[in-house]
Amino acid sequence: MSIVGATVNGIARVEIARPDKKNALTAAMYQSLADAIGAAHDDSSVRAIVIHGQKDVFTAGNDLEDFMKNPPADMNAPVFQFMQALGYSEKPVIAAVNGPAVGIGTTMLMHCDLVYCADNSVFSMPFVSLGLCPEFASSLLITLNAGYHKAVEKLLLADPISADEALEMKIVNRVLPRDDVFDFAIKQAERFNQLPPASVRTTKRLLRAGWKSMTEKIIADEANSFGAMVRSAEAKEAFSAFFERRKPDFSAFS
Ligand code: COA
């Protein structure tokens, strides 16, 4: 079981639990994440959802082997099911991040409502260095949060983002000592147990209404490009280089 769900005191805890592969996400794991969020939605005793990894890793992003063998076929692919469930969740979603949050590991945070991270967190969006492009509105949301020039550094050059920089860039709410992140996220989530749920749902919807249509448009645009690029020779070279533990060589491409 690489996705572990448990509901405790009104909070659906969703753990990404594949630590031997740094919690790299496969299609099957995306489906389990989508199902876990769907179950939390349907369970009227759940007031909020917490997504987390372990104390040294949130997720290394998409499993690169799975990308090579099983690239997302269309917008019904499990990764879309997950991101739709996350993006359209009526209940608040809180992320507790420790260690690396790579690729979709950073993108998904932009669709969460509250993000708490450890001082050992490192965020990155290495889509370009992998021969890919941004996904799930990260190109829009990072620009809205941090401004265009910062977005260029993080998306075109794929510079990693430390916990303090993530705070400056407004992609996390708070930086905490690594041992405290999960408990703090749970405490914040439990605050929703004391709030009127219909008011929480309506306010969340209104908070997002202004950029909803922009987000939907860019997600479709990114998906078109991403679908082609994940099958490209540039991406194959980048993925092979990762597993061969060498630098990719893009000199033959024009
Ligand atoms: N896909 C598939 N396997 C992955 C993976 C990924 N995204 N990330 C890590 N792994 C595997 C490694 O291949 C290794 O497997 P092995 O023990 O069988 O050789 C294991 O997880 C541990 O990874 P390792 O790189 O040795 O850990 P690290 O602590 O040195 O580095 C990361 C951690 C996350 C910084 C590094 O693994 C990394 O950069 N991963 C790729 C991230 C990425 O490009 N994601 C895709 C974004 S779209």
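The structure we're discussing is the one just above.
Calculation rules
Residues numbered from 1 in each chain as written. Predicted model: local features only at pLDDT ≥ 70, side-chain atom pairs only at ≥ 80, totals over all residues. Heavy atoms only, no water. Helix = DSSP H or I, 4+ residues; strand = E, 2+ residues; numbered from the N terminus. Rg over C-alpha atoms; globule rule 2.2 N^0.38 Å. Buried < 20%, exposed > 50% of the residue type's maximum accessible area, 1.4 Å probe, protein only. Areas by Shrake-Rupley, 256 points an atom, 1.4 Å probe, with all protein chains shown as cover. Lys, Arg positive; Asp, Glu negative; His and termini not counted. Charge placed at Lys NZ, Arg CZ, Asp CG, Glu CD. Pairing = 2+ DSSP bridges. Axes fitted to C-alpha atoms, helices over the stretch in contact; angles between N-to-C directions. Contact = heavy atoms within 4.5 Å.

Overview of the overall build of the chain
At step 1: Summing up its helical and strand segments, the chain has ten helices and nine strands in all.
At step 2: A globule of 254 residues ought to have a C-alpha radius of gyration of about 18 Å, and the chain, at 17 Å, matches this closely.
At step 3: Overall, the chain is about 60 × 35 × 35 Å in size when its C-alpha atoms are taken along their principal axes.
At step 4: Buried positions account for 49% of the 254 residues belonging to the chain.
At step 5: Total accessible area on the chain is roughly 12300 Å²; 55% of this is exposed by carbon and sulfur atoms.
At step 6: Distance between charge centroids for the chain: 4 Å, based on 26 positive and 30 negative side chains.

Topic: the sheet that holds strand 8 (residues 161–162)
At step 1: Spatial ordering of the open sheet is given by 5-7-8, a layout of three strands whose pairing is mixed. Two strands in the sheet have a free side with no partner beyond their single neighbour: strand 5 (100–102) and strand 8.
At step 2: Of the strand pairs in this sheet, strand 5 and strand 7 (residues 122–124) are connected by three bridges, and their pairing is parallel. Following the sheet pairing, A101 is matched in strand 7 by F123.

Brief notes about the sheet that holds strand 9 (residues 174–176)
At step 1: The strand order across the open sheet built from six strands is 1-2-3-4-6-9, with neighbouring strands paired in mixed fashion. The open sheet terminates on both sides in strands that have one partner only, identified here as strand 1 (3–8) and strand 9. The average angle at which neighbouring strand axes cross in this sheet is 20°, direction not considered.
At step 2: Sheet analysis places strand 6 (residues 114–118) next to strand 9, joined by three bridges and oriented parallel. In the sheet register, C117 faces strand 9, and the bridge partner there is V175.
At step 3: Against the sheet, helix 1 (residues 27–42) touches strand 1, strand 2 (11–16) and strand 3 (48–52), its axis set at about 175° to strand 2.

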